[in-house]
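For reference, the chains in residue letters:
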Amino acid sequence: MLIHRTAMILRIAATLSFFASLGLLVKPATVAIFLGFNEASISAELLWLLRALALVLLAISFMAPLIASFAGERGLRQCASAMAVTSLLGAGLIVISPTEWVIGKFALLALILVFAMAYLFALRGRRRNR
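This report concerns the structure included in the present document. Computed from a prediction, not measured in an experiment: that's the story for all the values here. (Residues numbered from 1 in each chain as written. Predicted model: local features only at pLDDT ≥ 70, side-chain atom pairs only at ≥ 80, totals over all residues. Heavy atoms only, no water.)

With that settled, consider the overall build of the protein. From N to C terminus, the protein includes five helices and zero strands. Taken from the N to the C terminus, the helices and strands of the protein come in the order α-α-α-α-α. In terms of overall dimensions, the protein has a C-alpha envelope of 55 × 25 × 15 Å along the principal axes. Taking all 130 residues of the protein together, 30% fall into the buried category. The long-range share in the protein, meaning contacts at least 24 apart out of those at least 6 apart in sequence, stands at 75%. Within the structure as shown, the protein displays about 8000 Å² of accessible surface, and the carbon and sulfur contribution to it stands at 74%. Separation of charge centres in the protein, based on 12 positive and 4 negative side chains, amounts to 23 Å. (Helix = DSSP H or I, 4+ residues; strand = E, 2+ residues; numbered from the N terminus. Buried < 20%, exposed > 50% of the residue type's maximum accessible area, 1.4 Å probe, protein only. Contact = heavy atoms within 4.5 Å. Areas by Shrake-Rupley, 256 points an atom, 1.4 Å probe, with all protein chains shown as cover. Lys, Arg positive; Asp, Glu negative; His and termini not counted. Charge placed at Lys NZ, Arg CZ, Asp CG, Glu CD.)

Right under this line is the structure:
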């Protein structure tokens with residue numbers, strides 16, 4: 001059950017990461033405004049940084065399905081642990097980010113927290129099944 005749940009969560013997260021990376025590559029300024037950045041504060045450096053972030057998300061979106069398909073239970077458990085911690089740290093960064101609290105920032109925070117809780121829920125299933 002742990003393998004199925006974790007693999008499913010990884011595949012869903014990979015799909016969302018893929019579409020997020022496409023949005024960041026094609027229209028980084030629109031994504032920045034959606035997340036609460038002022039139009040006056042959007043510089044060429046910020047747009048370049050968002051495109052670099054898109055490449056990282058693209059790599060994650062290609063690696064997560066491979067891990068979900070070919071890793072064993074131990075690998076999936078370690079991956080889910082790393083993703084849960086990373087998601088919680090990302091949520092913390094969003095909370096302290098110097099942008100306005102807009103609907104995009106709330107939506108991103110909620111999405112990241114949902115995935116953190118999903119990974120923790122998937123890890124919890126291991127103890128119950130043994």
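All right, on to helix H4 (residues 73–96) then. Given a rise of 1.5 Å per residue, 24 residues ought to cover 34 Å, and the 35 Å separating the end C-alpha atoms of H4 matches this to within 8%. By the burial criterion, the buried members of H4 are Leu76, Cys79, Ala80, Ala84, Ser87, Ala91 and Ile94. (Expected span 1.5 Å × (residues − 1).)

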